[in-house]
Amino acid sequence: MARSVLRDGFARTHDCVPEALDGLTTEDLLWRPDADANSIAWLVWHLARQQDEQVGQLAGRRSVWTEQGWAQRFNLPYAGDATGYGMSPSEVGDFRVEDPALLTEYHEAVHAMTVDYVDTVALDDLAEVIDENWDPPVTAATRLVSVIDDAAKHLGQAEYVGGLMERAR
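Bear in mind that the values here come from a model prediction, so they are computed numbers and not experimental data.

Caption draft 1: Region of the structure containing helix α1 (residues 2-21). Over its 20 residues, α1 runs 30 Å from end to end, which matches the ideal 28 Å to within 8%, given 1.5 Å per residue. Those residues of α1 that fall on the buried side of the exposure criterion are Leu6, Gly9, Phe10, Thr13, His14, Val17, Ala20 and Leu21. Where α1 is buried, its residues contact α2 (26-30), α3 (40-59), α7 (101-120) and α8 (140-168). Downstream of α1 by one or two residues, Gly23 has phi in the positive range, about 80°.

Below, the structure written as structure tokens:
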């Protein structure tokens with residue numbers, strides 16, 4: 001039951017990322033409502049990066065960003081371990097994507113790694129406390145739900161920016 005709930009949660013974002021990007025040009029993907037806002041491309045990259053890093057850590061493996069060469073393919077002006085967390089509006093504005101398909105392909109690779117982890121993790125391991133700095137302490141299961149929540153929020157933000165872009169035209 002736990003695996004099917006987690007698979008479903010991750011699949012919801014996975015299924016909607018291509019829809020959010022469908023038909024958008026590079027210019028559309030990088031459009032920002034103002035200088036302090038995030039672009040659709042940055043939001044999708046960030047939702048995938050945070051999932052990649054956090055699930056990778058739970059799985060005890062390197063991120064697909066590093067392991068599969070996505071950092072080189074994107075060639076972003078950020079540190080190799082950047083996930084977008086804490087970036088300034090200026091840093092967000094530095095995001096570039098030469099091939100819009102990279103966003104969908106990278107998210108697909110992250111989703112595959114995530115499903116592999118969810119399908120193979122011992123259910124007892126989901127109850128393991130992985131961060132005692134919170135009250136209550138964070139378990140692996142709680143972290144996975146947090147990752148799902150964060151990805152869903154950023155996907156919604158990307159869809160919202162897409163709507164704003166359409167209205168601005």
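Caption draft 2: Molecular detail of the UniProt feature "domain: DinB-like" (unreviewed entry) in the chain. As recorded in UniProt, the feature "domain: DinB-like" (unreviewed entry) lies at residues 12-158. Its end C-alpha atoms 15 Å apart, residues 12-158 is made of 60% helix and 3% strand.

Caption draft 3: Here's a closer look at a negative patch on the surface. Together, Asp15, Glu19, Asp22 and Glu159 line one region of the surface with negative charge. Along the chain, Asp22 turns up in the loop between α1 and α2. Taking the relative accessible area as the measure of exposure, Asp22 reaches 64% and is therefore exposed.

Reading the values: the criteria
Residues numbered from 1 in each chain as written. Predicted model: local features only at pLDDT ≥ 70, side-chain atom pairs only at ≥ 80, totals over all residues. Heavy atoms only, no water. Helix = DSSP H or I, 4+ residues; strand = E, 2+ residues; numbered from the N terminus. Expected span 1.5 Å × (residues − 1). Buried < 20%, exposed > 50% of the residue type's maximum accessible area, 1.4 Å probe, protein only. Contact = heavy atoms within 4.5 Å. UniProt positions renumbered as here; feature names shortened; annotations may be inferred. Patch = residues over 30% accessible without salt bridge, like charges linked within 9 Å, V, L, I, M, F, W, Y side chains within 5 Å. Areas by Shrake-Rupley, 256 points an atom, 1.4 Å probe, with all protein chains shown as cover. Salt bridge = Lys/Arg side-chain N within 4 Å of Asp/Glu carboxyl O. Lys, Arg positive; Asp, Glu negative; His and termini not counted. Charge placed at Lys NZ, Arg CZ, Asp CG, Glu CD.

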